[in-house]
Amino acid sequence: MADNTYELCNEHKGIKEHLPVIEGTQGPHAVDVSKLYRDTGVLTYDPGFMSTASCESRITYIDGEAGILEYRGYPIEQLAEKATFLEVAYLLLHGDLPSSVQLREFEQIIVYHTMLNETLKNFYDGFHHDAHPMAIMVGVVGSLSAFYHDSLDVNDPHHREVSAHRLLAKMPTIAAASYKHNISEPIVYPDNNLSYCANFLNMMFSTPCEPYEVNSTAEKAVNLLFILHADHEQNASTSTVRLAGSSLANPFACIAAGIASLWGPAHGGANEAVLNMLTDIGDVSQIDKYIAKAKDKSDKFRLMGFGHRVYKNFDPRADILREVCKEVLDKLPVDDSPLFELALRLEEIALHDEYFVKRKLYPNVDFYSGIIYRALGIPNNMFTVMFALGRTVGWVAHWMEMMSDPEQKIGRPRQIYKGSPRREYIPIENR
Ligand code: SDX
């Protein structure tokens, strides 16, 4: 039987290599080119990593053609319907669903770490009140290593675990404080009697002046949103965290790098851009104009919340969020149904347009999430912060997986040099 390798042949350069194949549990297999340059002096070229697997991972599986997303083998639809976010966080970090005792212990550990070092509060005063909350998040999360010195030895599994717990526990507190700073209201401390999601909503919307009761529909929606955003294999921000971590940088710096990458409108910043786009479109009568702009190559405009590098079918998260939109808008005292109707109509028109059909451009996770955030009273500039809150556990899980890999090495891609050939320095008087 023919060996399971790929043959690389270049008679002109006298190269003939048999490259081994790496098979996954499921999904595409890969040609192992890790020794290609050492053995042949030839590089592979793949800008944007369209055809490149950067690592092996056991955390999340995506089948873009079939619209499948699984965390540690569990379908996202089942986790979204039946699990709590901390249950899913435990699954992503430890590889299996927790028992009731394990979950209770995990919840207690996370609750223990929700407060911030009191001095950290002063950091917020350094930001102008109208600073974008994502700018505050990048700064404050990156500064955590200046406050938590006792969990920075990335080669110590116990330190890694403590940092993981601190990040998961403190992100909602940091995020809510970013919002409070933005609206010039006092920061609200965590309430350890509340669930992870209820605690976040309380820190966001309660004030010292009057009692605040968390709405159960809002708590359920936040739980679902955090689960849907928790991980997504090697997306841009997760790959950023892995690359930053590969230099053995501390975990707080790595997650700050992930937050920075997520902020881009091509990635996690898209949810804020979708709401801004829907507001600009304003009315169903304007949809055709914006669809034409999205198709016009001379126009930089893209239909935000549409398209995906991996999903060439529906993003399963968008399907779930479309349904949750209806439920939240029905149950919460907001009248954003015109916005939701506009989004539904935009989706329907785009999905029947040859340009989008041919390029397999479907709504992604960011298309509907912003409508739900708005219905919860969360402002547009906090939408990507919400994405970061869900994704933190995924970033941390990938960082932990990479750091515990005995084969772990610094990530250092090469390039194809297209610049000037060698030339001699010209004294300035002769230029
Ligand atoms: C997230 O990677 C992840 O997993 C990300 C994420 C996660 O959970 O981490 O799922 C979260 O980032 C979702 C994506 C959010 N971004 C947006 O909604 C921004 C709008 N979408 C596009 O910018 C784009 O679709 C990307 C960035 C999402 C994907 O870009 P690709 O894979 O590089 O595709 P491409 O730019 O090469 O586009 C292929 C074709 C091009 O046309 P042609 O040159 O072939 O004629 O499709 C066109 C593009 O112009 N196209 C779009 C479009 N997206 C792609 N045209 C109009 N509107 C769009 N949204």
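An account of the accompanying structure is given in this report. Computed from a prediction, not measured in an experiment: that's the story for all the values here. Sequence positions are assigned chain by chain, starting from 1 and proceeding in written order. Two thresholds apply to this predicted model, a pLDDT of at least 70 for residue-level local features and 80 or more for giving and counting side-chain atom pairs, whereas whole-chain, interface and lining totals are computed over all residues. The side-chain quantities take in all heavy atoms of the structure and omit both hydrogens and water.

Turning to the overall build of the chain, a few remarks are in order. Under the scheme used here, helices are H or I runs from DSSP no shorter than 4 residues and strands are E runs no shorter than 2 residues, and both carry numbers assigned from the N terminus. The helix and strand tally for the chain stands at 18 helices and 6 strands. Radius of gyration means the value over C-alpha atoms here, while the globule rule gives 2.2 Å times the residue count to the 0.38 power. Expected size for 431 residues packed as a compact globule is a radius of gyration near 22 Å; at 24 Å, the chain falls within 12% of this value. Reported as C-alpha extents along the three principal axes, the dimensions of the chain are approximately 80 × 70 × 60 Å. Each of the 431 residues in the chain was classed as buried or not, and the buried ones make up 47%. His residues and chain termini do not enter the charge count, which takes Lys and Arg as positive and Asp and Glu as negative. All charge positions are set by atom: Lys at NZ, Arg at CZ, Asp at CG, Glu at CD. Distance from the positive charge centre (40 side chains) to the negative charge centre (56 side chains) of the chain: 7 Å. Relative accessibility decides the category of a residue: with a 1.4 Å probe and only protein chains considered, values under 20% of the type maximum give buried, values over 50% give exposed, and everything between is partly exposed.

Any residue with a non-hydrogen atom lying within 4 Å of a molecule or strand is treated as near it. Surveying the vicinity of the ligand reveals 24 residues, the closest of which are H232, H308, R309, R317 and R391. The contact in question runs from an oxygen atom of the ligand to an N or O atom on the backbone of G305, over 2.8 Å. Contacts to the ligand include R391, whose side-chain N or O atom sits 2.8 Å from an oxygen atom. Accessible surface is estimated by sampling points in the Shrake-Rupley manner with a 1.4 Å probe; for residues, cover comes only from the protein chains shown. Isolated, the ligand exposes 1100 Å² of accessible area, and the fraction of that covered by the protein chains is 77%. Partitioning the shell around the ligand into residue classes produces 10 nonpolar, 7 polar and 7 charged. Polar contact is the term for a pair of N or O atoms within 3.5 Å; when the atoms are in protein, one must be able to donate a hydrogen and the other to accept it, and sequence-neighboring residues count only if both atoms are side-chain atoms. Residues are grouped as follows: Ala, Val, Leu, Ile, Met, Phe, Trp, Tyr, Cys and Pro are nonpolar; Asp, Glu, Lys and Arg are charged; every other residue, Gly included, is polar.

This part is about the sheet that holds strand β3 (residues 30-31). A pair of strands is labelled paired if DSSP reports no fewer than 2 bridges between them. Spatial ordering of the open sheet is given by β1-β2-β3, a layout of 3 strands whose pairing is antiparallel. Here the strands that pair on one side only, and so sit at the sheet edges, are β1 (5-10) and β3. Bridge count for strand β2 (residues 15-22) against β3 is 2 bridges, and the pairing is antiparallel. Directly across from I22, in β3, lies its bridge partner A30.

Taken in spatial order, the 3 strands line up as β4-β5-β6 in an open sheet, and their pairing is antiparallel. Looking along the sheet, the strands with just one partner apiece sit at the ends: β4 (60-63) and β6 (74-75). In this structure, β4 lies alongside strand β5 (residues 68-71), joined through 4 bridges in antiparallel fashion. The residue bridging T60 from the neighbouring strand is Y71, located in β5.

Right, let's talk about the nonpolar core for a bit. Y71, F85, L168 and L303 are the most contacted members of the largest nonpolar core, which totals 123 residues. A contact between two residues is defined here by any heavy atoms of the two lying within 4.5 Å. In this structure, F85 is in contact with L168, Y196, C197, N223, F226, I227, A230, L389, G390 and V393, ignoring residues within four places of it in sequence. The term nonpolar core refers to a set of buried residues drawn from Ala, Val, Leu, Ile, Met, Phe, Trp, Tyr and Cys, joined through side-chain atoms within 4.5 Å.

With that out of the way, let us pick up the packing of aromatic side chains. Centres within 6.5 Å make a pair out of two Phe, Tyr or Trp rings, where for Trp the six-membered ring is used; the pair is then stacked when the planes are under 30 degrees apart, edge-to-face when over 60, and tilted otherwise. This model, assessed by the stated rule, comprises 16 aromatic pairs. Their ring planes at 45° and their centres at 5.3 Å tell us that Y373 and F383 sit as a pair that is tilted. Of this pair, Y373 sits in helix α17 (residues 365-375) while F383 sits in helix α18 (residues 383-403), and the two are 10 residues apart along the sequence. The burial state of Y373 is the same as that of F383; both residues are buried. A connected cluster of aromatic rings, assembled from ring pairs, spans F306, F340, Y355, F356, F367 and Y368. Only when the NZ of Lys or the CZ of Arg is both within 6 Å of the ring centre and within 35 degrees of the ring normal is a charge said to sit over the ring. Its end group placed over the ring of Y37, R414 keeps NZ or CZ at 5.4 Å from the ring centre.

Glancing now at empty space enclosed by the protein. Only protein atoms enter the calculation, which uses a 1 Å grid: trapped sets of points that fit a 1.4 Å probe without letting it out are cavities, open sets showing protein on both sides within 12 Å along at least five of seven lines are pockets, and any residue with an atom within 4 Å of a point is a lining residue. Grid points are joined across faces, edges and corners, and a volume is the space filled by probe spheres set on the points. Taken as a whole and judged by the stated rule, the model has 1 cavity of 30 Å³ or more. There is about 60 Å³ of room inside the largest cavity. Lining the largest cavity, in full, are M115, L116, E118, K121, T173, I187, V188, Y189 and P190. Grouping the constituent residues of the lining of the largest cavity by class yields 6 nonpolar, 1 polar and 2 charged.

Quick look at the state of the cysteines now. Cysteine sulfur atoms that pair up within 2.5 Å are treated as a disulfide. Evaluated as defined, the whole model comprises 0 disulfides. C254 carries a free sulfur, and the closest cysteine sulfur to it, the one in C55, is 14 Å from it.

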